[in-house]
Amino acid sequence: MSLINDNYLELEQRYLFAEVAARVSAFSEKNPEASIIRMGIGDVTQPLVPAVIQAMHKAVEECAHSETFRGYGPEPGYDFLRQAIVDNDYAGLGIKASEVFVSDGAKSDTGNIGDIFSANNVIGITDPVYPVYVDTNTMTGREIVLIPCNPGNGFTGDIPDRKLDIIYLCYPNNPTGAVITRDKLKAWVDYALANHSIIFYDAAYEAFIRDPLIPHSIYEIEGAKQCAIEFRSFSKTAGFTGIRCAFTVVPEQLTALSAQRKEISLNHLWDRRQSCKFNGASYISQRGAEAVYSPEGREQVKAVIDGYLDTASVIRNSLQKAGLNPTGGENSPYIWAQTPAGMPSWDFFDLLLERAGVVITPGAGFGQGGEGYFRVTAFNTKDKSLQAMEKLTELVKSL
Ligand SMILES: *Cc1c(COP(=O)(O)O)cnc(C)c1O
């Protein structure tokens, strides 16, 4: 008789976005005439930029001829991309190409990284949070300590007064849109160094940062190479959510202890894990990703993100005027706001859908710390977003 991994029974029954989709389709069935504006979209909506398309067309053409055809590539990624990442994203930070592992997604990497760590680690996760961190650690049966994020700590958590072995940080944050200052990030790095903890730093939204004082990488902080793994993705940076390309940085000097208390290189372990369980991101997506760093690519990608940021700022201003105390929406495509009169977030979700035809994401879906909040994304068009905000404001006024 085969046995399952019982930890899976501990997972929430339904993934947040499946629940949102189910409620929206139930509403549409009952109200086929009602128009719906989706402000909960967690996916980019603008097409890939011309520089990327051109590079991928060229790569496809190469694969059409035996002389230039590519089969399996190196598991950690092609040198051309690893080098472009180091030269562009980590210029002056002393990261080497051998420390960059290209993959098909930051979601899978943030989940899979747990493979090389003991199930006995105690995990600190900021709350509210991107659900993947909690779910993947629940699957392994690890002890999770939630780190409350609220207006009092700028949604960047208080430095814990107990020892945590691994801490997940994500800035600019999904769902709160909050960014972290250099000083606060340094406080986290200092905590990790003092406690021999490791920080998993998810910088998937790094490309939305426009404020020159906000760090793009945790390696901008001294000592971070001794305590941090960084995750990045071309998904939100360059519209690769369907193409799939991301990378994880594991510095060579980063270590953790074996059961025999020996220091083991995490770069080596991750390399071992990836070459065993992963066969590399496609050549075509890696050529597309490389083009993001070309002069035209950078300019085109920046213009797309500027568009999302423009919409984000419109949303933020509307929510401010409606008195809902938004955060985010600057240096981030996400805006996080309080429900009117402290209404439970799923109640507000239902009310807004039924009375205004506007879909948001209820904060409670991102953890207990999200109760009383909701998330709006800037991935719809500016026009639709404006319409949605007008409807939302009217509804809030009528309450
Ligand atoms: C979208 C997102 C990612 C990116 O995941 P991919 O698998 O690379 O598409 C990673 N982390 C967070 C917090 C995200 O919101």
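Residues numbered from 1 in each chain as written. Predicted model: local features only at pLDDT ≥ 70, side-chain atom pairs only at ≥ 80, totals over all residues. Heavy atoms only, no water.

Explain the packing of helix α11 (residues 345-356) against helix α12 (residues 382-398) to me, and be specific about the residues and the numbers.
Contact geometry of α11 with α12 gives a least axis separation of 10 Å together with a crossing angle of 110°. On the basis of the axis angle, α11 is roughly perpendicular to α12. Our pair here, α11 against α12, has a crossing hand that is right-handed. Packed against α11, whose contacting residues are Phe348, Leu351, Leu352, Arg355 and Ala356, the element α12 presents Lys391, Leu392, Leu395 and Ser398 at the interface. (Axes fitted to C-alpha atoms, helices over the stretch in contact; angles between N-to-C directions. Helix = DSSP H or I, 4+ residues; strand = E, 2+ residues; numbered from the N terminus. Parallel < 35°, antiparallel > 145°, perpendicular 65-115°, else oblique. Left-handed = near helix turned anticlockwise from the far one by under 90°. Contact = heavy atoms within 4.5 Å.)

Tell me what's going on with the domain arrangement of the chain, and back it up with residues and numbers.
One can read the domain layout of the chain as domain 1 (6-47 + 297-398) and domain 2 (52-294). Of note, the centres of domain 1 and domain 2, computed from C-alpha atoms alone, are 26 Å apart. Facing 33 residues of domain 1, the contacting portion of domain 2 comprises 38 residues. At the junction of domain 1 with domain 2, the criterion picks out 1 salt bridge. Its salt-bridge partner being Asp306, residue Arg210 comes within 2.9 Å of it at the nearest N-O pair. At the boundary of domain 1 with domain 2, the tally comes to 14 residue pairs in polar contact (both at pLDDT 80 or more). Counting residues per element, the ones that place at least two in the side of domain 1 that touches domain 2 are α10 (295-321), β11 (327-328), β12 (334-338) and β15 (373-377). Looking at the side of domain 1 that touches domain 2 element by element, the count peaks at 8 residues for α10. Split by residue class, the side of domain 1 that touches domain 2 holds 14 nonpolar, 12 polar and 7 charged. (Domains from an automatic or database assignment. Salt bridge = Lys/Arg side-chain N within 4 Å of Asp/Glu carboxyl O. Polar contact = N/O pair within 3.5 Å; in protein donor to acceptor, adjacent residues only side chain to side chain. Nonpolar A, V, L, I, M, F, W, Y, C, P; charged D, E, K, R; others polar.)

Could you give an account of the pairing of strand β8 (residues 246-249), with specific residues and numbers?
Burial along β8 is two-sided: the residues Ala246 and Thr248 and Phe247 and Val249 are all buried. Across 4 bridges, the pairing between strand β2 (residues 100-103) and β8 is antiparallel. Across the sheet, residue Ser103 finds its bridge partner in β8, namely Ala246. (Buried < 20%, exposed > 50% of the residue type's maximum accessible area, 1.4 Å probe, protein only. Pairing = 2+ DSSP bridges.)

Summarise the packing of aromatic side chains; cite the residues concerned and give the values.
As enumerated under the stated definition, the model contains 25 aromatic pairs in all. Plain terms: the ring middles of Phe348 and Phe374 are 4.9 Å apart, the flat faces sit at 50° to each other, and that makes the pair tilted. With a gap of 26 residues between them, Phe348 in helix α11 and Phe374 in strand β15 connect regions that are remote in the sequence. With respect to burial, Phe348 and Phe374 carry one shared label: buried. Ring pairs connect the aromatic residues Tyr90, Tyr219, Phe234, Phe240, Phe247 and Tyr293, which therefore count as one cluster. Directly above the ring of Phe80 sits Arg287, whose terminal nitrogen or CZ lies 3.6 Å from the centroid. A cation sits over an aromatic face here: Arg375 above Tyr334, 4.3 Å from the ring centre. (Phe/Tyr/Trp six-rings, centres within 6.5 Å; stacked < 30°, edge-to-face > 60°. Lys NZ or Arg CZ within 6 Å of the ring centre and 35° of its normal.)

Hey, could you go over the pairing of strand β6 (residues 198-202) for me, with residue numbers and the actual values?
For β6, a buried count of 5 out of 5 residues is recorded, marking the element as mostly surrounded by other parts of the structure. Residues Ile198, Phe200 and Asp202 line one face of β6 and the alternating positions Ile199 and Tyr201 line the opposite face, and both faces are buried. Pairing analysis gives 5 bridges linking strand β5 (residues 166-170) to β6, with the strands arranged parallel. Residue pairing in the sheet places Tyr168 in a bridge with Phe200 of β6. In this fold, the crossover linking β5 to β6 by way of helix α6 (residues 182-195) has right-handed handedness. The sheet contact formed by β6 and strand β7 (residues 228-233) spans 4 bridges and is parallel. (Right-handed = clockwise from strand over helix to strand, strands pointing away.)

Which residues make up the pattern of salt bridges, and what are the values?
A complete count under the given rule lists 17 salt bridges for this structure. Put simply, Arg273 and Asp115 hold a salt bridge, and the shortest N to O gap is 3.0 Å. In this pair, Arg273 sits in helix α8 (residues 266-277) while Asp115 sits in the loop between α4 (106-112) and β3 (122-127), placing the two residues 158 residues apart along the sequence. Looking at Asp115, the relative accessible area reads 40%, which means it is partly exposed.

Help me get a handle on the side chain of Asp202, residues and values and all.
Structurally, the position occupied by Asp202 is in strand β6. For the buried Asp202, which has no salt bridge, the nearest side chain bearing the opposite charge is Lys236, at an N-O separation of 7.6 Å. Within the local environment of Asp202, its side chain forms a polar contact with the backbone nitrogen of Ala204, the two atoms lying 3.1 Å apart. Ignoring anything within four residues of it in the chain, the contact list for Asp202 reads Thr110, Tyr130, Tyr133, Leu169, Cys170, Tyr171 and Phe231. (Lys, Arg positive; Asp, Glu negative; His and termini not counted.)

Give me the nonpolar core: which residues, what numbers.
The biggest cluster of nonpolar side chains holds 98 residues, and the ones touching the most others in it are Phe234 and Leu319. Mapped onto the domain boundaries, this core takes at least three residues apiece from domain 1 (6-47 + 297-398) and domain 2 (52-294). Once residues within four sequence positions are removed from consideration, Phe234 is found in contact with Leu81, Ile85, Gly239, Phe240, Cys245, Ala246, Phe247, Ala289, Val292 and Tyr293. The next biggest cluster of nonpolar side chains, apart from the first, holds 21 residues, and it includes Ile116, Ile166, Phe200 and Ile229. (Core = buried A, V, L, I, M, F, W, Y, C linked by side-chain atoms within 4.5 Å.)

Describe the sheet that holds β6, naming the residues involved and giving the relevant values.
If you walk across this open sheet you meet the 7 strands as β2-β8-β7-β6-β5-β3-β4, and the pairing is mixed. Because the sheet does not close on itself, it has two edges, and the strands there are β2 and β4 (143-148). Here the average twist between neighbouring strands, direction ignored, is 20°. Across 3 bridges, β3 lies against β5 in parallel orientation. Paired with Ile125 across the strands is Tyr168, a residue of β5. Seen against the sheet, helix α5 (residues 131-140) touches β3, β4, β5 and β6 and runs at an angle of roughly 155° to β3.

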